[in-house]
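What follows is each chain in one-letter form.
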Amino acid sequence: MEYLLAGAHRYGGRAAISIDTLARVRLDPDVGRAVARAYMAAPTCEERAFKSYAAFCRETVRQYHFLVGRVEFGGLGLAVRVVDDDPYTCAEAMAADLRRRRLRVWASAASGNSHPYLSDGENDMFRAVHDAFGHAASGRGFDRHGEEAAWMKHASMYSALARRAMTTETRGQNCAQIFHYQGARFPEQKAALLPSAFSDPGRRPILVGNQQPS
């Protein structure tokens, strides 16, 4: 989605990952299983994660206000609505809404899986910005490879401190769902830190054709 990709670049953060690179990203199953094991082994809530989660919350709220802010005042003008059921069965349906500058988000309060640190409102804001700046800005869907590309793209908008929590919320949860639960259920939400190596989107992503980004 061109306006979201441009918005993500305008927002700033780490050096932008090219859309061509993101289109070729694949999640190595060995990496995915390692991330899943780390997520499942992590405690539900650990105090050492709180500074990272505090930074993550601050930066997520800032991204959300940029996403929904009026265009004439520098925002992207997206209308976000929180709904009680999963609104999208595929990335194409979400893209159709985003082309009209609107987005529906599945309410955290309706999931029955509360977060030990984030409020429902903070979690809903993150779902919105991740769909917009992770999936739509990278042009990738909801399969394991699309989730990996969305994590890489969206991680570039966070500080190093906040990125540790953001990685737990995206790469950690997705890998646990896919590789531990085999897609049968969503894992328990946690406020914990994974090994720092898993939070670095610059560590040799797997690309189609084994071509590594420069």
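What you see is a predicted model; the values in this text were computed from it and never measured.

A. Spatial organisation of the nonpolar core. Among the nonpolar cores identified, the biggest contains 40 residues, and L4, F56, L67, L98, L103 and F133 are the most heavily contacted of them. Within the residue set of this core, elements represented by two or more residues are α1 (2-11), α4 (50-68), α5 (91-99), β3 (102-106), α6 (120-138), α7 (144-155) and α8 (160-180). Ranked by size, the runner-up nonpolar core spans 10 residues in total, among them A36, Y39, C175 and F198.

B. Summary view of the packing of α6 against α8. It is at 13 Å that the axes of α6 and α8 come closest, and there the two elements cross at 75°. One way to sum up the angle between α6 and α8 is to call them roughly perpendicular. Residues N123, F126 and H130 of α6 touch α8, and the partners they reach there are M166, E169 and T170. Taken together, the residues of the contact of α6 with α8 break down into 2 nonpolar, 3 polar and 1 charged.

C. Molecular detail of the pattern of salt bridges. Per the counting criterion, the structure on display carries 6 salt bridges. Between D97 and R102 there is a salt bridge, with the nearest N and O atoms lying 3.0 Å from each other. Take D97: its relative accessible area is 6%, and that puts it in the buried class. Among the residues examined, R102 registers a relative accessible area of 41% and is labelled partly exposed. Between D97 and R104 there is a salt bridge, with the nearest N and O atoms lying 3.0 Å from each other. A single network of salt bridges, built from pairs that share partners, joins D97, R102 and R104.

Calculation rules
- Residue indices begin from 1 for each chain and proceed along its sequence in written order.
- Local features are withheld for residues below a pLDDT of 70 in this predicted model, meaning they are given only at 70 or higher, and side-chain atom pairs are given and counted only at 80 or more; totals for whole chains, interfaces and linings count all residues.
- Values reported for side chains reflect all heavy atoms of the structure, with hydrogen atoms and water molecules removed beforehand.
- Here, the term nonpolar core denotes a set of buried Ala, Val, Leu, Ile, Met, Phe, Trp, Tyr and Cys residues that are joined through side-chain atoms within 4.5 Å.
- Classification of residues uses two cut-offs on accessible area relative to the type maximum, computed with a 1.4 Å probe and protein chains only: under 20% is buried, over 50% is exposed, and between them is partly exposed.
- By definition, any uninterrupted DSSP run of H or I lasting at least four residues is a helix, any uninterrupted run of E lasting at least two residues is a strand, and each is numbered from the N terminus.
- All axes are obtained by fitting lines to C-alpha atoms, using only the stretch in contact for helices, and the reported angles, taken between N-to-C directions, cover 0 to 180 degrees.
- Roughly parallel here means an angle under 35 degrees, roughly antiparallel means over 145, roughly perpendicular means 65 to 115, and every remaining angle is called oblique.
- Contacts between residues were defined by any pair of non-hydrogen atoms, one from each residue, lying within 4.5 Å.
- When residues are sorted by character, Ala, Val, Leu, Ile, Met, Phe, Trp, Tyr, Cys and Pro go into the nonpolar class, Asp, Glu, Lys and Arg into the charged class, and all the rest, Gly among them, into the polar class.
- Put simply, a salt bridge is a Lys or Arg side-chain nitrogen that is within 4 Å of an Asp or Glu carboxyl oxygen.

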